[in-house]
Amino acid sequence: MVDTPGPALQERRAELAAALAGVRARIAAACATAGRPADEVTLIAITKTYPATDVQLLVDLGVADVGENRDQEAAPKAAAVAAAGRRPRWHFVGQLQRNKCRSVAGYADVVQSVDSVRLAMALADAARRRERSIEVLVQVSVDGAAGRGGAWADSADPDRELAAVAAAVAGLDQLRLRGLMAVAPLGWAPEAAFARLAEIADRFRADHSVATVLSAGMSDDLETAIAYGATHVRVGSALLGMRPPLG
Ligand SMILES: *Cc1c(COP(=O)(O)O)cnc(C)c1O
């Protein structure tokens, strides 16, 4: 039997296609302004709170990378998308507890939120059990505030020290260190946040020259992130629509 999409799905497909064209145009314009080739920036669709059918439609529209921030939601969604025959690259971008690593290692190709030595070790252990390797971005805290996740350069906690976390990831066979991820801190202007992040990334690459990924920028600030060197932008609401509060 041929699976013909119903009218609701066709309408959603048109909606997502229009939003995707808009976001791609924003990325292209930001790259042009920054004097960077547009293919230097990868779009990751952040699909949290939206159904697996939206992921499938986005993949069919040419989106290769999708991201989620909660394992409870991501694990069944990734399974449903795989069962539907789509194979996007899954990025895990949310705060990750060590006891969730085993599940996340089952579907995530990239974990962008590794911010402690202990988490790196737990993730490597989970990957080993599943006999696979996982790409890792170390999440950095731009303002060095411990509460919101992220490692930073002069942390008093050796478990959260940026160089120590990066060295741990680089030293674990199952993990491949690809770069850094950050979220602009609340209350910071994007310019200030991403300028600071660019300095952190410069210093980081002096020690880890192959770790060239810089994941920064979301729906509201992707242009600024691209101006300051982002190679990956994580876009949710501008693609899929506004999420309900606290979603
Ligand atoms: C939700 C989320 C995004 C996307 O945010 P939008 O403002 O909807 O584009 C990006 N990064 C992380 C870590 C997120 O949790």
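Report on the accompanying structure. Numbers given to residues run from 1 along each chain, matching the order in which its sequence is written. Thresholds applied to this predicted model are a pLDDT of at least 70 for local features of residues and 80 or more for the giving and counting of side-chain atom pairs; totals over whole chains, interfaces and linings are not thresholded and use all residues. With hydrogens and water excluded, all non-hydrogen atoms of the structure serve as input to the side-chain values.

So, the site of the ligand
In plain terms, the rule: Nearness is defined per residue: one heavy atom within 4 Å of the molecule or strand is enough. Here a polar contact is recorded for every N or O atom pair within 3.5 Å, except that within protein the pair must consist of a potential hydrogen donor and a potential acceptor, and residues adjacent in sequence are included only if both atoms are side-chain atoms. Note on areas: these come from Shrake-Rupley sampling with a 1.4 Å probe, and a residue is covered only by the protein chains present in the view. Each residue gets one of three labels, nonpolar for Ala, Val, Leu, Ile, Met, Phe, Trp, Tyr, Cys and Pro, charged for Asp, Glu, Lys and Arg, and polar for the others, Gly among them.
Ile46, Lys48, Asn69, Val93, Met218, Ser219, Arg234, Val235, Gly236, Ser237 and Arg243 make up every residue found near the ligand. Take Ser237: an N or O atom from its main chain is 2.8 Å from an oxygen atom of the ligand. Measuring from an oxygen atom of the ligand, one finds a side-chain N or O atom of Arg243 at 2.8 Å. Burial of the ligand by the surrounding chains reaches 89%, relative to a free accessible area of 390 Å². Considering only residue class, the shell around the ligand consists of four nonpolar, four polar and three charged.

Notes on the pairing of strand β8 (residues 232-235)
Quick note on the threshold: Burial status follows relative accessibility: with a 1.4 Å probe on protein chains alone, a residue under 20% of its type maximum counts as buried, one over 50% as exposed, and anything between as partly exposed. The secondary structure listing takes helices from DSSP runs of H or I that are at least 4 residues long and strands from runs of E that are at least 2 residues long, numbered from the N terminus. Only strands that DSSP links by at least two bridges are regarded as paired with each other.
Judged by which residues are buried, β8 turns out to be covered on both faces: His232 and Arg234 on one side and Val233 and Val235 on the other are all buried. Two elements, strand β1 (residues 42-46) and β8, share four bridges in a ladder whose sense is parallel. Directly across from Ala45, in β8, lies its bridge partner Val235.

Points about the environment of Gly179
For the record, the criterion: Contact criterion: two residues are considered in contact whenever any of their non-hydrogen atoms come within 4.5 Å of each other.
With respect to the secondary-structure elements, Gly179 resides in strand β6 (residues 175-181). On the basis of relative accessibility, which here comes to 0%, the residue Gly179 falls in the buried class. Leave out the neighbours within four places in its chain, and Gly179 touches Val136, Leu137, Val138, Phe204, Ala211 and Val213.

Brief notes about the packing of helix α2 (residues 52-60) against helix α3 (residues 71-83)
The following threshold applies: To get an axis, fit a line to the C-alpha atoms, keeping to the stretch in contact for a helix; angles then go from 0 to 180 degrees between the N-to-C directions. Should an angle lie under 35 degrees it is considered roughly parallel, over 145 roughly antiparallel, and from 65 to 115 roughly perpendicular; all remaining angles are considered oblique. The hand of a helix crossing depends on one turn: near helix anticlockwise from the far one by less than a right angle means left-handed, and clockwise means right-handed.
Contact pair α2 / α3: the axes reach a minimum separation of 9 Å and the direction vectors enclose 50°. Relative to α3, the element α2 lies oblique. Here α2 and α3 pass one another in a crossing that is right-handed. For the pair formed by α2 and α3, the contact residues are Ala52, Val55 and Gln56 on the first element and Lys77, Ala80 and Val81 on the second.

Digging into the pairing of β1
Worth spelling out the cut-off: Crossovers are marked right-handed if the path from the first strand over the helix to the second runs clockwise, as seen with the strands pointing away from the viewer.
Of all five residues that make up β1, four are buried, and the element is covered over most of its length. One ladder, built from three bridges, connects β1 with strand β2 (residues 65-68); its direction is parallel. Within β2, the position partnered with Ile44 by the bridge is Asp65. The parallel pair β1 and β2 is bridged by α2, and the resulting crossover is right-handed.

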